[in-house]
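If you want the building blocks of each chain, they are given just below.
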Amino acid sequence: MVSAMQSILKLLASCLLSVGTVHAGSDIFRWGLTAGGNISKVNGEGEGFNYKGWHYDSSGGYFIGFTARVSVPIMNFGLDASFVFSQEMADLESGDADIMEKLRYFSVPVHVRYDFELPLLSEAFIPYVFGGPQCNFALNDFDFYNLFRQDPESVARIDEVYSSYGSKDRVWKFDLGFGAILFDHFQVYYFYAYPLESTFRFKTIYEESKSHFRMGTHHIGLTYYF
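Note that the structure is predicted; figures quoted are calculated from it, not measured. (Residues numbered from 1 in each chain as written. Predicted model: local features only at pLDDT ≥ 70, side-chain atom pairs only at ≥ 80, totals over all residues. Heavy atoms only, no water.)

**Thoughts on the pairing of strand E8 (residues 170–182)**
- Relative to E8, strand E6 (residues 125–138) runs antiparallel, the two sharing 13 bridges. Directly across from Ile126, in E8, lies its bridge partner Ile181.
- Taken together, E8 and the strand that follows it, strand E9 (residues 186–195), pair antiparallel across an intervening segment of 3 residues, in which Phe183 is found at a positive phi of about 55°. (Pairing = 2+ DSSP bridges. Helix = DSSP H or I, 4+ residues; strand = E, 2+ residues; numbered from the N terminus.)

**Description of the pattern of salt bridges**
- All told, the structure shown has 4 salt bridges when counted by the stated rule.
- Among the ionic pairs, Arg30 bridges to Asp184, the shortest N-O distance being 3.1 Å. Taken together, the residues Arg30 in strand E1 (residues 29–45) and Asp184 in the loop between E8 and E9 connect sequence positions 154 residues apart.
- Arg30 gets classed as buried once you look at its relative accessible area, which sits at 5%.
- The exposure class of Asp184 is partly exposed, given its relative accessible area of 37%. (Salt bridge = Lys/Arg side-chain N within 4 Å of Asp/Glu carboxyl O. Buried < 20%, exposed > 50% of the residue type's maximum accessible area, 1.4 Å probe, protein only.)

**Points about the packing of aromatic side chains**
- One pass over the full model with this rule turns up 10 aromatic pairs.
- Between Tyr189 and Phe191, the ring centres sit 6.2 Å apart and the planes meet at 15°, which makes this aromatic pair stacked.
- Of the residues examined, Tyr189 reaches a relative accessible area of 10% and is grouped as buried.
- Here the aromatic cluster, defined as three or more aromatic residues joined through ring pairs, consists of Trp31, Phe186, Tyr224 and Phe226.
- In this structure, Arg69 is placed above the aromatic ring of Tyr225, and the distance from its NZ or CZ to the ring centre is 4.4 Å.
- Its end group placed over the ring of Tyr128, Arg113 keeps NZ or CZ at 3.9 Å from the ring centre. (Phe/Tyr/Trp six-rings, centres within 6.5 Å; stacked < 30°, edge-to-face > 60°. Lys NZ or Arg CZ within 6 Å of the ring centre and 35° of its normal.)

**As for unusual backbone geometry**
- If you check the backbone angles, Asn76 has positive phi at about 70° while not being a glycine.
- With respect to the secondary-structure elements, Asn76 resides in the loop between strand E3 (59–72) and strand E4 (77–94).
- Owing to a relative accessible area of 15%, Asn76 belongs among the buried residues under this scheme.
- Located in the positive-phi region is Asp184, a residue other than glycine, with phi close to 75°.

**Notes on the nonpolar core**
- If you look at the biggest cluster of nonpolar residues, it comprises 9 residues: Val42, Ala90, Leu103, Tyr105, Phe142, Val171, Phe200, Phe213 and Met215.
- When contributions to this core are tallied by element, the ones reaching two or more residues are strand E5 (97–115) and strand E11 (211–225).
- Phe63, Phe130, Phe191 and Ala193 belong to the second largest nonpolar core, which has 8 residues in total. (Core = buried A, V, L, I, M, F, W, Y, C linked by side-chain atoms within 4.5 Å.)

Bear in mind that shape data such as this cannot, by itself, settle questions of function.
If you want it as structure tokens, here you go:
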């Protein structure tokens, strides 16, 4: 699955760049700035997912970066790609403890899109739907010491704990969403990034195997095209 997503991402990015090079001076190719907020939700499987009563709430983050789109006016199809810095949050709670962990990514989403050009409204409002792969390159790791330090036995064996957790350097997701182009220059959009693999994992000293955790993320954003 991951290798297939890599091939799709490379193909879509190549198409975007080649078409953009040819049409950089026309309305077919547009580029701009994009930013917005995200809400992440942790889900997992394994013994450690409910480690000592811990549970995982939705948490807010943000993203900001550059984006570009290529349109095919006759068919209403197009491509868009973004290069953004993204910070996602995981809120871990147990009793009175509330630990907020951060994951920072350099994210590269590439989408196929379809624009619905409505008669009499296309100059001001063009709704669209989109979907495609997203590759996230981690810029930091979780520090689970704050989680394990509440357990005296884990603290006594902290070296073993440290060797048994970590976030992945690269995480693949698949995006599905919708949005609208407003007055040619503005774009508002929403999409859900479904995780195709685990985002991080850990194994407590009481378990034989690691638990795997996925972070699905809701994104709401605004783009300005030059």
